[in-house]
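# Architecture and fold: a report
If you want the building blocks of each chain, they are given just below.
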Amino acid sequence: MNEKQNSKAQNTQKASQKPNPSTQKASNEIIISVVVPLYNEEDSILELGGKLEKVLAPLTKNRYEVIFVDDGSTDGSRAKIRELHNRNSKFHCISFRRNYGKSAALQVGFKEARGRFVVTMDADLQDDPEEIPNLIKKLNEGYDLVSGWKKKRYDPFIKVWSSKLFNLVTSWVSGIRLHDFNCGLKAYKNVVVKRLNVYGEMHRYLPVLAHWDGFKVTEIPIKHHPRKYGKSKFGAGRFIKGFLDLLTVMITTRYMQRPLHFFGTIGTLITFLGFIVNLYLIIEWFLGKTYLSNRPLLLFGITLIIFGAQLISIGLLGEMNIKSLAEKVNYNIKDKF
Ligand code: UDP
Ligand code: MG
């Protein structure tokens, strides 16, 4: 072996002794990040922390983090989280100065989460940490988002039934067959939460947003418990807002790139109907049957035409808008090679 070859061999030997950065990274990697949005849940936090530790430590070989997002609580929630943090530094807390809502809390938690998998759950002990392994198992089968389905639900009667209707309509409009869209307990691959943009009250539609962004979404039945402490922060009264949000979700996912297809289709149909109505009146008038001034139907026909034309114009304005934003569109790329 000449000198050059020799030094080369030594170099390779040295290189193999050095820890490989990629394997080193893998051994420090956080496997699961749990994101818990909470607003005034002081009584549940210590109990929840204990349960999470018990499930996560063996499941991840201690490679986990729990991020509590304190959504402007005015009770002792933050102090309770501090107590958990002092005992176990894997528990973290992000506190808002005011109450922004569950969507905002999730969004901030999502941006912070470092884990390969991200699990969200409510802080009120209604969701069971023991379901986390089942959710992760399903992710490992190739899904990107696994949503909990509260098959047997422990909530007030009115809420259970209004929520059934909500889920039925959402499933029908969005084209995803899920029983329970708004379950607090969900698991995601990290890439999904980094792409989601949760604002307003969009947390109800996370599976829809992920589905329309090209991710594989499914659900599994999970155990649910009655609320042990405190009161629910959401009543059945949010219903109308929830359905308005469904409209927003549909227009900003399916039709974001082609507003004229949405407004133009409805507008064309309505205008066409108006023409038919007026054509009928004109034919009658031609045949000398009645004066048009005697026909209230005329006003109806004209209104349809004007309304339809307005919808088409709104669609065209939308197209002008999207053209100027087109270069900012963020396509979801699976991989490249
Ligand atoms: N929550 C929040 N911000 C709010 C309202 C609620 O972070 O403005 C949290 C709440 O503390 C709980 C979760 O969202 O951890 C679900 O809320 P809740 O249990 O009141 O809803 P329900 O189970 O009754 O639908
Ligand atoms: Mg609850």
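Everything discussed here concerns the structure shown above.
So, a few notes on the structure that sits alongside this text. Since the structure is predicted, the reported quantities are computational estimates derived from the model, not experimental observations. (Residues numbered from 1 in each chain as written. Chains lettered and ligands numbered in written order. Predicted model: local features only at pLDDT ≥ 70, side-chain atom pairs only at ≥ 80, totals over all residues. Heavy atoms only, no water.)

### Side note on the overall build of the protein
The number of helices and strands found in the protein is twelve helices and seven strands. Taken against the 2.2 N^0.38 rule, which gives 20 Å for 337 residues, the C-alpha radius of gyration of the protein at 28 Å runs more than 25% over that of a compact globule. Across its three principal axes, the protein shows a C-alpha extent of roughly 105 × 70 × 35 Å. The contacts in the protein between residues at least 6 apart in sequence include a share of 81% that link residues at least 24 apart. Carbon and sulfur atoms make up 60% of the accessible area of the protein, which totals about 20,100 Å². Both charge centroids of the protein, one from 50 positive and one from 31 negative side chains, sit 4 Å from each other. (Helix = DSSP H or I, 4+ residues; strand = E, 2+ residues; numbered from the N terminus. Rg over C-alpha atoms; globule rule 2.2 N^0.38 Å. Contact = heavy atoms within 4.5 Å. Areas by Shrake-Rupley, 256 points an atom, 1.4 Å probe, with all protein chains shown as cover. Lys, Arg positive; Asp, Glu negative; His and termini not counted. Charge placed at Lys NZ, Arg CZ, Asp CG, Glu CD.)

### Examining the packing of aromatic side chains
Counted under the stated rule, the structure contains nine aromatic pairs. Seen from their ring centres, F96 and Y100 are 5.1 Å apart, and the 90 degrees between their planes marks the pair as edge-to-face. Residue classification places F96 among the buried residues on the basis of a relative accessible area of 14%. Judged by centre distance (6.1 Å) and plane angle (55 degrees), the rings of W285 and F286 are tilted. Taking relative accessible area as the criterion, F286 reaches 70% and is therefore assigned exposed. Among the aromatic residues, those joined into a cluster by ring pairs are F166, Y205 and F243. Over the ring of W161 we find K164; its NZ or CZ atom is 5.2 Å from the centre of that ring. (Phe/Tyr/Trp six-rings, centres within 6.5 Å; stacked < 30°, edge-to-face > 60°. Buried < 20%, exposed > 50% of the residue type's maximum accessible area, 1.4 Å probe, protein only. Lys NZ or Arg CZ within 6 Å of the ring centre and 35° of its normal.)

### With respect to helix α11 (residues 259-286)
With 28 residues, α11 extends 39 Å from end C-alpha to end C-alpha; this agrees with the ideal 40 Å at 1.5 Å per step. Regarding α11, the residues found buried are P259, G264, G267, I270, T271, G274, V277, N278, L281 and E284. Packed against the buried residues of α11 are α12 (296-325). (Expected span 1.5 Å × (residues − 1).)

### Focus on the site of ligand 1
Surrounding ligand 1, one finds 17 residues, the nearest of these being D71, D124, K159, S232 and K233. At a separation of 2.9 Å, an oxygen atom of ligand 1 approaches a polar backbone atom of P37. For ligand 1, an oxygen atom lies 3.0 Å from a polar atom in the side chain of Q126. When the free accessible area of ligand 1 is taken as 530 Å², the share hidden by the protein chains comes to 93%. Here the shell around ligand 1 is built from residues that sort into five nonpolar, four polar and eight charged. (Near = heavy atom within 4 Å. Polar contact = N/O pair within 3.5 Å; in protein donor to acceptor, adjacent residues only side chain to side chain. Nonpolar A, V, L, I, M, F, W, Y, C, P; charged D, E, K, R; others polar.)

### Concerning the pairing of strand β3 (residues 91-95)
With five bridges joining them, strand β2 (residues 64-70) and β3 adopt parallel strand pairing. Bridge pairing links D70 to S95 in β3. On the question of chirality, the crossover connecting β2 to the parallel β3 by way of helix α4 (residues 77-87) is right-handed. (Pairing = 2+ DSSP bridges. Right-handed = clockwise from strand over helix to strand, strands pointing away.)

### Notes on the pairing of strand β5 (residues 145-150)
Remember that side chains alternate between the two faces of the sheet whenever the strand is regular. Within β5, six of the six residues are buried, which leaves it mostly tucked inside the rest of the structure. Covered by surrounding structure in β5 are L145, S147 and W149 together with V146, G148 and K150, the residues of both alternating faces. Sheet topology note: the β5/strand β7 (residues 217-222) ladder contains six bridges and is parallel. Within β7, the position partnered with L145 by the bridge is V217.

### A look at the coordination of the magnesium ion (ligand 2)
Taken together, D124 (OD) and Q126 (OE1) make up the protein donors of the magnesium ion (ligand 2), found 1.9 to 2.0 Å from the metal. Given a relative accessible area of 3%, D124 falls into the buried group. (Donors = N, O, S within 2.8 Å, 3.2 Å for Na, K, Ca; no water.)

### A few points about the pattern of salt bridges
Side-chain pairs of opposite charge can arise whenever the charged atoms involved come near each other. Within this structure, the stated rule accounts for 17 salt bridges. Two residues, D144 and K189, come together in a salt bridge whose shortest N-O distance is 3.8 Å. A residue pair is termed long-range when its members are at least 10 positions apart, and D144 in the loop between α6 (132-140) and β5 and K189 in strand β6 (residues 186-189) qualify at 45 residues. Take D144: its relative accessible area is 15%, and that puts it in the buried class. The salt bridge involving R204 is made with E201; its shortest N-O contact spans 3.1 Å. For E201, a relative accessible area of 22% puts it in the partly exposed group. Shared partners join several salt bridges into a network, and the residues in it are E41, D124, R227 and K233. (Salt bridge = Lys/Arg side-chain N within 4 Å of Asp/Glu carboxyl O.)

### Looking at a nonpolar patch on the surface
The grouping of L279, I282, I283, W285, F286 and L287 at the surface amounts to a nonpolar patch, some 690 Å² of accessible area in total. Looking at the secondary structure, you find L287 in the loop between α11 and α12. Relative accessible area serves as the criterion here: at 63%, L287 is assigned to the exposed category. (Patch = residues over 30% accessible without salt bridge, like charges linked within 9 Å, V, L, I, M, F, W, Y side chains within 5 Å.)

### Considering the packing of helix α3 (residues 45-60) against α4
Orientation of α3 relative to α4, taken along the N-to-C sense of each, is 30 degrees, at an axis distance of 9 Å. Looking at the two axes, α3 sits roughly parallel to α4. The hand of the α3/α4 crossing is right-handed. Residues I45, L46, G49 and E53 of α3 lie in contact with α4, whose contacting residues are S77, K80, I81, E83, L84 and R87. Grouping the constituent residues of the contact of α3 with α4 by class yields four nonpolar, two polar and four charged. (Axes fitted to C-alpha atoms, helices over the stretch in contact; angles between N-to-C directions. Parallel < 35°, antiparallel > 145°, perpendicular 65-115°, else oblique. Left-handed = near helix turned anticlockwise from the far one by under 90°.)

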